[in-house]
Amino acid sequence: MRKLTAGILAHVDAGKTTLSEAMLYLGGALRSLGRVDHADAFLDTHELERERGITIFSKQAVLPLQDVEITLLDTPGHVDFSAEAERTLQVLDCAILVISAPDGLQGHTLTLWRLLEKHHIPVFLFLNKMDQPVDREALLARLKGSLSDAVTDFSAFGQEGFWEEAALGDEAALGEYLETGALSDGTLQRLVESRRCFPCYFGAALKTQGVRELLAGLARFAPRPQWGEAFSARVFKISRDSQGTRLTHIKVTGGELPVKSTLPLPGGEEKIDQIRIYSGAKFTAVDKAGPGTVCAAVGLSTTCPGQSLGKEGAWAAPVLEPALTYQLLLPEGTQPHAVLPKLRQLEEEDPQLHLEWNEALGEIHLRLMGRVQAEILKRVIHDRFGLEVDFGPGHVVYRETIKGPVEGVGHFEPLRHYAEVHLLLEPLPLGSGLVFASSCSEDRLDRNWQRLVLTHLGEKTYKGVLTGSAITDMKITLVAGRAHEKHTEGGDFRQATYRAVRHGLMKAESVLLEPWYALRMELPEGSLGRALTDIQRMGGESDPPETAGGEALLSARVPVAAFGDYALEFAAYTKGHGRLSCTVNGYLPCGEQEKIVAETGYDPEGDLEDPPGSVFCAHGAGFQVPWHEVERHMHLPPLDLPAPASEEPSQPAPALRQRPSPAKGLALDNELQAIFEKTYGAVKPRAFQPPPKPARDASRGKITVPVPEAGPEYLLVDGYNIIFAWKDLNEAAKENLDAARYLLMDILSNYQGFRQNRVILAFDAYKVPGGSGSVSQYHNIHVVYTKEAETADAYIEKASYKLSLEGQRVRVATADFAEQLIILGHGALRVSAQELREEVERTQGEIARIIADSRTASRGGAMRAAFEKARN
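So, about the overall build of the chain. Helix and strand counts for the chain come out as 26 helices and 43 strands. Every one of the 872 residues in the chain was classed for burial, and the buried ones make up 49%. By element, 51% of the accessible surface of the chain is carried by carbon and sulfur atoms, the whole surface being about 42,000 Å².

The next thing to look at is the sheet that holds strand β3 (residues 68–74). Within the open sheet, the 7 strands sit side by side as β2-β3-β1-β4-β5-β7-β6. Their pairing is mixed. In this open sheet, the two edge strands, each paired with only one partner strand, are β2 (59–64) and β6 (151–153). Each strand of the sheet is rotated relative to its neighbour by a mean of 25°, with strand direction disregarded. Two strands pair when backbone bridges link them, and strand β1 (residues 2–10) and strand β4 (residues 94–100) are joined in this way by 5 bridges, in the parallel orientation. Considered in β4, the bridge of Ala6 is made with Cys94. Packing of helix α1 (residues 16–26) onto the sheet brings it into contact with β1, β2, β3, β4 and β5 (123–128), and relative to β3 it is tilted by some 160°. Across the sheet, helix α5 (residues 136–146) is in contact with β4, β5, β6 and β7 (198–202); its angle to β6 comes to roughly 155°.

Relative to the helices and strands, Ser581 is located in strand β33 (residues 579–589). The exposure class of Ser581 is buried, given its relative accessible area of 19%. With residues up to four places along the chain from it excluded, the contact list for Ser581 reads Gly107, His108, Ala518, Leu519 and Arg520.

The complete set of buried residues in helix α8 (residues 185–193) reads Thr187, Leu188, Gln189, Leu191 and Val192. At the C-terminal side of α8, Arg195 shows a positive phi close to 60°.

Quick look at the packing of helix α7 (residues 171–180) against α8 now. Between α7 and α8, the shortest axis-to-axis distance is 11 Å and the interhelical angle comes to 155°. With respect to each other, α7 and α8 are oriented roughly antiparallel. The hand of the α7/α8 crossing is left-handed. Along its contact with α7, which presents Ala172, Ala173 and Glu176, the element α8 presents Thr187, Arg190 and Leu191. When grouped by side-chain class, the residues that make up the contact of α7 with α8 number 3 nonpolar, 1 polar and 2 charged.

Our focus in this paragraph is the environment of Pro429. Inspection of the secondary structure puts Pro429 in the loop between β25 (419–427) and β26 (434–438). C-alpha of Pro429 to C-alpha of Met474: the two residues are 45 residues apart in sequence and 8.2 Å apart in space.

Within α5, burial applies to Leu139, Leu140 and Leu143. Across the axial projection of α5, the buried residues extend over an arc of 100°, all falling on one side. Seen from the open side of α5, the exposed residues pointing more than 90 degrees away from its buried face are Glu137 and Gly145. In this structure, the buried side of α5 is in contact with β4, β5, β6 and β7.

Glancing now at the sheet that holds strand β13 (residues 274–279). The strands making up a sheet are joined through hydrogen bonds of the backbone, oriented either antiparallel or parallel. The strand order β14-β13-β16-β9-β8-β17 describes an open sheet built from 6 strands, whose pairing is antiparallel. In this open sheet, the two strands that pair with only one neighbour each are β14 (282–286) and β17 (308–310). Across the sheet, the axes of successive neighbouring strands diverge by a mean angle of 40°, strand direction being ignored. Where strand β8 (residues 232–240) meets β17, 3 bridges bridge the pair, whose relative direction is antiparallel. Its bridge partner lying in β17, Ser232 is registered against Gly310. Contacts between helix α10 (residues 336–349) and the sheet are confined to β8 and β9 (246–254), with β8 contributing the most and set at about 140° to the helix.

This part takes up the packing of aromatic side chains. Scanning the entire structure with this criterion turns up 21 aromatic pairs. Linked through ring pairs, Phe154, Phe157, Phe162, Trp163, Tyr201 and Phe221 together constitute an aromatic cluster. Against the face of Trp113 rests Arg195, its NZ or CZ located 5.5 Å from the ring centre. Across from the ring centre of Phe283, 4.2 Å away, lies the NZ or CZ of Arg276, which sits over that ring.

This paragraph deals with the packing of helix α12 (residues 447–458) against helix α13 (residues 490–507). Closest axis-to-axis distance for the α12/α13 pair is 9 Å, and the angle between their directions is 55°. Accordingly, the angle class assigned to the pair α12 and α13 is oblique. With respect to the hand of their crossing, α12 and α13 are arranged in right-handed fashion. Contacts between α12 and α13 involve Trp449, Leu452, Val453, His456 and Leu457 from the first element and Gly490, Phe493, Arg494, Thr497, Tyr498 and Val501 from the second. Among the residues making up the contact of α12 with α13, the classes are represented as 7 nonpolar, 3 polar and 1 charged.

Here we take up the confidence of the model for the chain. Taken residue by residue, the chain gives an average pLDDT of 83. The fraction at 70 or more is 86%. Confidence scores differ between elements of the chain, with helix α19 (residues 662–665) showing the lowest mean pLDDT of 36 and β5 the highest of 96. Scored below 50 in pLDDT, residues 646–710 makes 113 contacts in the model with residues more than four places away or belonging to other chains.

Below, the discussion takes up the environment of Ala204. Relative to the helices and strands, Ala204 resides in the loop between β7 and α9 (211–221). Each C-alpha atom, one on Ala204 and one on Leu19, is 8.4 Å from the other, the two residues being 185 residues apart in sequence. With residues near it in sequence (within four places) discarded, Ala204 still touches Phe126, Asn128, Lys129, Met130, Asp131 and Gln209.

It is worth spelling out unusual backbone geometry at this point. The phi dihedral of Lys129 is positive, around 65°, even though this residue is not glycine. A positive phi angle, close to 50°, is found at His354, a residue other than glycine. Along the chain, His354 turns up in the loop between α10 and β19 (356–358). For His354, a relative accessible area of 24% puts it in the partly exposed group.

Another aspect to go through is the side chain of Glu86. As for its position among the elements, Glu86 is in helix α3 (residues 82–88). No salt bridge is formed by the buried Glu86; its nearest oppositely charged neighbour, Lys118, is found at 5.6 Å.

Quick look at the pattern of salt bridges now. Two side chains bearing opposite charge may form a pair once their charged atoms approach each other closely. For the coordinates displayed, the defined rule picks out 48 salt bridges. We note a salt bridge from Arg537 to Asp534, for which the minimum N-O separation is 3.4 Å. With a gap of 3 residues between them, Arg537 and Asp534 both fall in helix α14 (residues 528–537), about one helical turn apart. Taking relative accessible area as the criterion, Asp534 reaches 2% and is therefore assigned buried. Residue Glu541 is joined to Arg557 by a salt bridge in which the shortest nitrogen-to-oxygen separation is 3.0 Å.

Here Ala562 shows up in helix α15 (residues 560–563). Sequence spacing of Ala562 and Ile535 is 27 residues, and the spatial spacing of their C-alpha atoms is 9.5 Å.

Each value, and the rule that gives it
Residues numbered from 1 in each chain as written. Predicted model: local features only at pLDDT ≥ 70, side-chain atom pairs only at ≥ 80, totals over all residues. Heavy atoms only, no water. Helix = DSSP H or I, 4+ residues; strand = E, 2+ residues; numbered from the N terminus. Buried < 20%, exposed > 50% of the residue type's maximum accessible area, 1.4 Å probe, protein only. Areas by Shrake-Rupley, 256 points an atom, 1.4 Å probe, with all protein chains shown as cover. Pairing = 2+ DSSP bridges. Axes fitted to C-alpha atoms, helices over the stretch in contact; angles between N-to-C directions. Contact = heavy atoms within 4.5 Å. Parallel < 35°, antiparallel > 145°, perpendicular 65-115°, else oblique. Left-handed = near helix turned anticlockwise from the far one by under 90°. Nonpolar A, V, L, I, M, F, W, Y, C, P; charged D, E, K, R; others polar. Arc of directions from axis to C-beta. Phe/Tyr/Trp six-rings, centres within 6.5 Å; stacked < 30°, edge-to-face > 60°. Lys NZ or Arg CZ within 6 Å of the ring centre and 35° of its normal. pLDDT = per-residue confidence, 0-100. Lys, Arg positive; Asp, Glu negative; His and termini not counted. Salt bridge = Lys/Arg side-chain N within 4 Å of Asp/Glu carboxyl O.

Here is the structure:
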């Protein structure tokens, strides 16, 4: 019987475990249906899961059908346990993504979809809770728009339009449909396996509606993996049973794994004492595990999640990682060294905890995804080890990278030891991680020594030199090395490699990276302005909001350090009607690098565990050489690196505005700020503050509202926004954008001359490489060109905020709805593009009338003078 491994994934409370229960019941694996709310679900085997009604640990269940045996892997749905779900992806043949139909697409659902896409896993969709009022067609349209056009309604299988819709994703399938009017099962299976078709089923798992159709679809259209003959397997989980026996959960992807066989592992060979096939809390012991089998091996002590066994290839590094680290607070009198070995068991089971022992402070630190995980972990530590622990406040997990290529040299030569290593450290794009390679000739360094250096590069987490945070986004290449025929040992190259990395980091210009959250906010439309203002206050950025039926959907990104307890604020100002989900969305350069580095106080030269210097030998004894003198003593010639190219500043024409990426748009714009201060006065940096509260007159019981001081009105205009909103200027821009700019400048010059206000017209040069920004005066108005990576709306938001704080009357003209909401939060007035057009036309009419009256008056005066002259 062929085997299929299917994972069930969902946002929390979408009905994932309920669907698993229904599938097992209808497939004949269960005699009765359990329920999550009754605490008797088959796959909720842990007491904590039954208490909380959520899945915390991934579980396995075996579901034999007529011609396929499905291994169901039920994964956690709560975002705090998403790392557990991600580890399960590496052994899936396909996934069942459960979506709550009444709730629609939620934040974590989109995160899971992106993970499935990254790992190229075929997906079946199950729209659950369809027994509630749901617009089926609208929901399907949203799925096609947000997930993929290839989402296909398989409940309409064989009906008119189904075959054409299913075939659109593939040229060969479309040809088959045009010839035969249908598609074969083999073709549909191929489309599903290649992610060109995503079967979508509708139902209600609690009532088992639509579940039979899903089971039939899995048996008929799911991928049919081909297994190799040589043994290969992958470890995806480590756990312990109720007796404390260590279990290595693996999937055999080729050959066979018999009991009592030995496996070559990095720590030496280990023997498998028992093989268990779990289904829920119970297991069956087997003599061997064939290809496609998911099992638990007993007897392995050094395995870890993600590890490849036999011929299995490597697995990508995890995407979802905790962004906060916490101190573990032990009970008074407890010795940390006695607790650490026990906590290492938990780190084996969840490597994302990143357990760290800080020798200098005598503290234990670990990383967590959120508060729910912290509560669960406290309970697990109490139940397993009898310790009442707590956690200190969370701190952001920073990372470090470098700006440009640099050579690092490590030399280790105490008496009768020798090794020298030269490494090239190069920056990679954000999110690339660490890559190790060798370009060293085997004539200079033997292949075995090169392999050893690469092994040492990958075996350790290297600390940066700014804050001691882990380095990332670099390629480290072995370019040269030297060994001694008699005195070199393996440990010598370990020391030389470590010191070479450290030496290169000390020479390089390092960059501090901070984690960012991706936010998905569903809230009442009346709270949207507050949310946009808060995102700006946190130094984040947002996409244009979507509004419908009094509700708004806002996607945004903010630094983790600024987010804090914002979820509580969000719940308060939306009065409990909003929904907020956040996931770590990668790392970007930190906007407060100097401040964070100063607060951390890390001394890279004083770090005895990672010294940047080298050890040389002279007169029969080894001596330490500081990092800045290593290149004077090294034995191999230096790498010939090209000098950094000097870039001359240029002043190209401004380009059309685009929304900045967070990596650029949030950097402190010192040059534009200087331009602004030169024109309008000094701007003192300050944090966001709410508007001042009205003062109460105690003697009369009245409220006194501060009145802005009298002064000129400022009109800030988003130039390109207005050009493309006004039909005539838009037509002109198609022919010549520069001409359209001058037309708008002339119009606003006349407008200011009549209105006697102050007009600031901003054009952005966001995509102009090297653009440094400029402020000029055109007739009577000011024209601002922003610098590279700055948009006009960002400049306008900053200017309106500053002017409003000074009590000036400010109006902002733009067609950007999100920008209008933000400037309202600053106390400025908004003017739409249409309203400004109407004002300009009225002004032009007033000017024309005055000129006409003036001409009439002039002609009348001349006629009277001629009449008097003729009469005299």
